[in-house]
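# Observations on the three-dimensional arrangement
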Amino acid sequence: MADRVTVIGWDGSPLTEAARSALAAATLVAGSAHHLALPEIPAAAERVRLGSLDLAARRIAGHRGSAVVLADGDPGYFGVVRTLRAPQHGLEVEVVPAVSSVAAAFARAGMPWDDAQVVVAHSRDLRRAVNVCRAHTKVAVLTSPGAGPAELALLLGPVHRTFVICEELGTEREQVTVLTSDKAADHAWRDPNVVIVIGGTGPGVGAVQPTAEGWGAARSRSGGWIAGRDPNYPPAVRGWALPADAYGSDLGEGESTELRAAQLARLGPRVGDLVWDIGSGSGAASVEAARFGAAVIAVDRDPDACARTTASARRYGVQLQIVHGTAPLVLEDLPEPDVVRVGGGGAAVVAACAARRPERIVTHAATRDEAEAIGRALAEGGYAVECALLQAVELDTGAWTERERSVTFLLSGRRTHL
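The notes below deal with the structure included here. Remember, predicted model here, so these are calculated numbers, not experimental data.

Conventions and cut-offs
Residues numbered from 1 in each chain as written. Predicted model: local features only at pLDDT ≥ 70, side-chain atom pairs only at ≥ 80, totals over all residues. Heavy atoms only, no water. Buried < 20%, exposed > 50% of the residue type's maximum accessible area, 1.4 Å probe, protein only. Helix = DSSP H or I, 4+ residues; strand = E, 2+ residues; numbered from the N terminus. Pairing = 2+ DSSP bridges. Right-handed = clockwise from strand over helix to strand, strands pointing away. Phe/Tyr/Trp six-rings, centres within 6.5 Å; stacked < 30°, edge-to-face > 60°. 1 Å grid on protein atoms, 1.4 Å probe; cavity = no way out; pocket = protein on both sides within 12 Å on 5 of 7 lines; lining within 4 Å. Points joined across faces, edges and corners; volume = space filled by probe spheres on them. Nonpolar A, V, L, I, M, F, W, Y, C, P; charged D, E, K, R; others polar. Polar contact = N/O pair within 3.5 Å; in protein donor to acceptor, adjacent residues only side chain to side chain. Contact = heavy atoms within 4.5 Å.

### Brief notes about the pairing of strand β12 (residues 295-300)
Of all six residues that make up β12, six are buried, and the element is covered over most of its length. On β12, burial covers both faces: Ala 295, Ile 297 and Val 299 on one face and Val 296, Ala 298 and Asp 300 on the other are all buried. In the sheet, strand β11 (residues 274-278) pairs with β12 via five bridges, with the strands oriented parallel. The residue of β12 that forms the bridge with Ile 278 is Val 299. For the segment spanning β11, helix α10 (residues 284-291) and β12, crossover handedness is right-handed.

The structure is reproduced here in structure tokens:
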């Protein structure tokens, strides 16, 4: 095992005394090509170009002598320190940090970032990063080859955002470009780069125009207390599956508080997910899925329902993509969902959703015949089906008499591996 392992972060500025001292004593130095070209590296030191971090960690673990690993920015923030300290390698490391690329990017933009979401984008799971950009108004994306600004823009599609693209931070070729997301796909961007994605409206963040002056609109009104959240977090309204008066309108048959609570519990929307809410009605389910951090596409054929959903989203400060159209036809051009709520359309719409293979599908039925038809559609689509009969009775607590009763079949499908 290496006698000493030092991880040095580099942000383009001159190396600190501690970093130069560690490099001078190194017998093995690992890093990217631009790191290995640094003049401070001893001529006699073995040089390892970083590709697979696991392979490099095994090489370092087997080395006798002093090893140094060079990394961009803060190596403890989405960096190499986690891999080197993994139990299978057993390496104890000393860290000499530098300014992280995320901090540098926001500094170039002149923006605070304690309320930003930070995600790492890889080509194998780029859609997760895109869904965070759909759902949140300030996101920093640490990109990688094949998962850069152009690919982000293409997957965002009609969801328009402002991109602040910071290329090769800390080098002589550093460049910061501000443009709208629909223009980003037309350019070739240099690696490495960080993309700050700004957009939508909500508490603490305004619609940002692609100019330096516009960045000021994204500044927080007040200081926050927890990273990655709006400065005014927690929201004024506590809880979920809120009552009808929380949405300022009468809820539809499939939007009752009890049914919504059961549906959301089975869907389990979370950060990085894309939720389809088909037949969104008042937007209650859409808004509550978005409050869990998921990206949501709300679909309804009724323009008045779309308007109510828009109003609900504004009221609670969440980002929704609202699509006016009739399912299942309108679903063909939508991006792949992780979970789906079907508020209307019956077995035909459920079958069309099952064909897209989301992890979970939930819906409801008013009659047993309709429930059986939906259950068959789910089963034939490769889903394990659960059905429960929900009965809710609202009581007048003054007289303790029954005020309203509802009975609904709740159906949910969980994707199987077949």
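Structure shown, so let's carry the discussion forward.
### Examining the packing of aromatic side chains
Evaluated as defined, the whole model comprises five aromatic pairs. Look at Trp 240 and Phe 292: their rings are 5.7 Å apart centre to centre, the planes differ by 70 degrees, and that puts the pair in the edge-to-face class. Remark: Phe 292 occurs in the loop between α10 and β12 and Trp 240 occurs in the loop between β10 (193-198) and α9 (257-267); sequence separation between them is 52 residues. Residue Trp 240 is classed as partly exposed on the basis of its relative accessible area of 41%. Take Phe 292: its relative accessible area is 35%, and that puts it in the partly exposed class.

### A look at empty space enclosed by the protein
For the structure on display, the rule yields one cavity of 30 Å³ or more. Contributing to the lining of the largest cavity are Leu 50, Leu 53, Ala 56, Ile 60, Val 69, Val 80, Thr 83 and Leu 84. The set of elements that each furnish at least two residues to the lining of the largest cavity consists of α3 (53-61) and α4 (80-84). Along the lines of polarity and charge, the residues of the lining of the largest cavity split into seven nonpolar, one polar and no charged.

### Examining helix α5 (residues 101-109)
Inspection of α5 places Val 102, Ala 103, Ala 104, Ala 105, Phe 106 and Ala 109 among the buried residues, and these make up the whole buried set. One or two steps after α5, the chain reaches Gly 110, where phi turns positive at roughly 70 degrees.

### Looking at the side chain of Asn 131
When you line up the elements, Asn 131 lands in helix α6 (residues 126-135). Overall, the relative accessible area of 3% leaves Asn 131 in the buried class. Among the polar contacts listed, one links the side chain of Asn 131 to the backbone oxygen of Gly 272, at a separation of 3.0 Å. Those residues in contact with Asn 131 that lie beyond four places of it in its chain are Gly 272, Asp 273, Leu 274, Ala 295 and Asp 338.

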